[in-house]
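# Tertiary structure, described
Residue-level listing of the chains:
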Amino acid sequence: MHPIRAVLSLAASITVIGAMAWPSLAPLPFDAGSAYAQSRNAQPKTAAPKQATRKQATPKQATPKIPLPKQGEKEQPARTPFTLEDEAVATVAGIADARVWGDTDTDFQRVLPTASGPWLALSGGGADGAFGAGLLTGWSQSGNRPEFAVVTGASIGALIGPYAFLGSGYDEELRKNFTSITAADVFEDHATAESLLDSWPLKRLIEQRMTREMLAAIAAEHRKGRRLLVATTNLDAGRRVVWNMGAIAERGDDKALKLFRDILLASSSIPGFFQPVPIEVEANGKKFQEMHLDGTITAPFFIMPESMLGAGNARLPTDQVYVVVNSKLTPEFGMPERKVNSILARTIGVALTTALRAELLLVTAGAQRLGLKLSVAYVPETFQELNRGLFDHIYMQALFDFGAEQAKKGAAFENILAGAAERRTDAPR
């Protein structure tokens, strides 16, 4: 196995194990990005909103208990059985090429654009998505923002994706999304049969913002040959799925609108914390529901299947790829308290940053072999605004403004070489 790919696989495994082992003391927004780990250490010792924290264990309680669903809550119905053979040929009824496996180049060829132009990949990062949102608006103001032939997104990147795809005319809506959101817009602090938190507020928020008008606009751009792609993780298959959102939007009916919204919710659903999203498919004469979760489980961001990164393999129909990383890349110093929640918050933050750097190393090496110009923007170490808690308005506004200013100055993107992602502020002694 390639050494970089081995590191990536290990980091991804640590991330998933850490997320699944996380107790109910600390709910996470969208995905467990570095901002969350910072906020747990920086949070002042005051009472937090109910949506943001759970009741702390008393001194006599040695181990926090995982919350159970509310009394009287209905159990989920049993799932319709299906097989590996069914899964391999399952399709979304009535929408050709609605999705492909995101880990095979032969499948991926089916959703490539016919339009030419640069590509944009948007990473996960939770509330740090304010950086990417600000960057896009500042890029518009600079007068240099291109029209992307392809926009891809995972987790918070999936929620930014439609606005990035539709262009500068949607910048104001993007700004409002990241300067007015609160924890109450994302989750309710009680368990369901499938999760530690209930993500119905996020579902409602997506329904309010992903309108029929937006669906029609995305369909129109899809017909021009451009592509909007969103990554989810198929929990049944254990594989990445890439959804062709423009093809779904082109159908234009109630079913298409629901599926579009469900995919965005699924891509943002943290395993164990938010409910998996069921998506109905059909195969071999029967209908059944797959379970889909956070796209960052299978990749922090998505450009192409890993099988396409090797020398001599199929090439992308572009020579320019922009990646917006909604996070810092370098390790950050922090002293967690000797408490389970503090230690695990720090551990998950470290694991996710490691996975992100490993993915960048892999993609950078592949881009060099394929002759792609890879430009990467990320939150630099110089950004030092204190994050005081989940969806802290002051922090998110500062990060949004920082991203916008960097883009306006033309300083947001840089060419990342393999060694750059391993940079350290000081050598160990």
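Residues numbered from 1 in each chain as written. Predicted model: local features only at pLDDT ≥ 70, side-chain atom pairs only at ≥ 80, totals over all residues. Heavy atoms only, no water.

This paragraph deals with the pattern of salt bridges. In the structure shown here, the tally under the stated rule is 17 salt bridges. D107 is the salt-bridge partner of R110, the closest N and O atoms lying 3.6 Å from each other. Given a relative accessible area of 41%, R110 falls into the partly exposed group. Its salt-bridge partner being R251, residue D253 comes within 2.6 Å of it at the nearest N-O pair. One connected set of salt bridges, linked through shared partners, spans D97, D107 and R110. (Salt bridge = Lys/Arg side-chain N within 4 Å of Asp/Glu carboxyl O. Buried < 20%, exposed > 50% of the residue type's maximum accessible area, 1.4 Å probe, protein only.)

Here S155, not a glycine, exhibits a phi torsion of approximately 60 degrees, which is positive. Tracing the backbone through its elements, the reader meets S155 in the loop between β3 (150–154) and α6 (156–166). If you check the backbone angles, N284 has positive phi at about 50 degrees while not being a glycine. On the accessibility criterion, N284 (56% relative accessible area) is exposed. (Helix = DSSP H or I, 4+ residues; strand = E, 2+ residues; numbered from the N terminus.)

Of all eleven residues making up α6, eleven are buried, and the element is well covered by its neighbours. Of the residues making up α6, those classed as buried are I156, G157, A158, L159, I160, G161, P162, Y163, A164, F165 and L166. Following α6 by one or two positions, G167 adopts a phi angle in the positive range, close to 100 degrees.

A separate point is the packing of helix α5 (residues 129–142) against α6. Interaxial distance between α5 and α6 falls to 10 Å at its minimum, and their mutual angle equals 15 degrees. Considering the angle they form, α5 stands roughly parallel to α6. Pair α5 / α6 crosses with right-handed handedness. Within the contact between the two elements, α5 uses G129, A133 and L136 and α6 uses I156, I160 and A164. Of the residues that constitute the contact of α5 with α6, the class distribution is five nonpolar, one polar and no charged. (Axes fitted to C-alpha atoms, helices over the stretch in contact; angles between N-to-C directions. Parallel < 35°, antiparallel > 145°, perpendicular 65-115°, else oblique. Left-handed = near helix turned anticlockwise from the far one by under 90°. Contact = heavy atoms within 4.5 Å. Nonpolar A, V, L, I, M, F, W, Y, C, P; charged D, E, K, R; others polar.)

For the rest of this paragraph, the subject is the confidence of the model for the protein chain. Confidence in the prediction for the protein chain averages 80 pLDDT; 77% of positions are at 70 or higher. Between residues 1–66, whose pLDDT stays under 50, and residues either more than four places distant or in other chains, the model counts 142 contacts. Confidence drops under a pLDDT of 50 for residues 417–429, and excluding neighbours within four residues, the segment shows 16 contacts in the predicted structure. (pLDDT = per-residue confidence, 0-100.)

Turning our attention to the packing of α5 against helix α13 (residues 393–408). Running from amino to carboxyl end, α5 crosses α13 at an angle of 35 degrees, the nearest separation of the two axes being 6 Å. Considering only the axes of α5 and α13, their crossing is right-handed. Here A130, F131, A133, G134, L135, T137, G138, W139, Q141 and S142 of α5 lie close against α13, whose contacting residues are M396, L399, F400, F402, G403, A404, A407 and K408.

Now for the pairing of β3. Taken across its five residues, β3 has five buried, putting it largely inside the fold. Relative to β3, strand β2 (residues 119–122) runs parallel, the two being bridged by four bridges. Residue W119 lies in a different strand from β3, and its bridge partner there is V150. Viewed along the sheet, the connection from β2 through α5 into β3 turns out right-handed. (Pairing = 2+ DSSP bridges. Right-handed = clockwise from strand over helix to strand, strands pointing away.)

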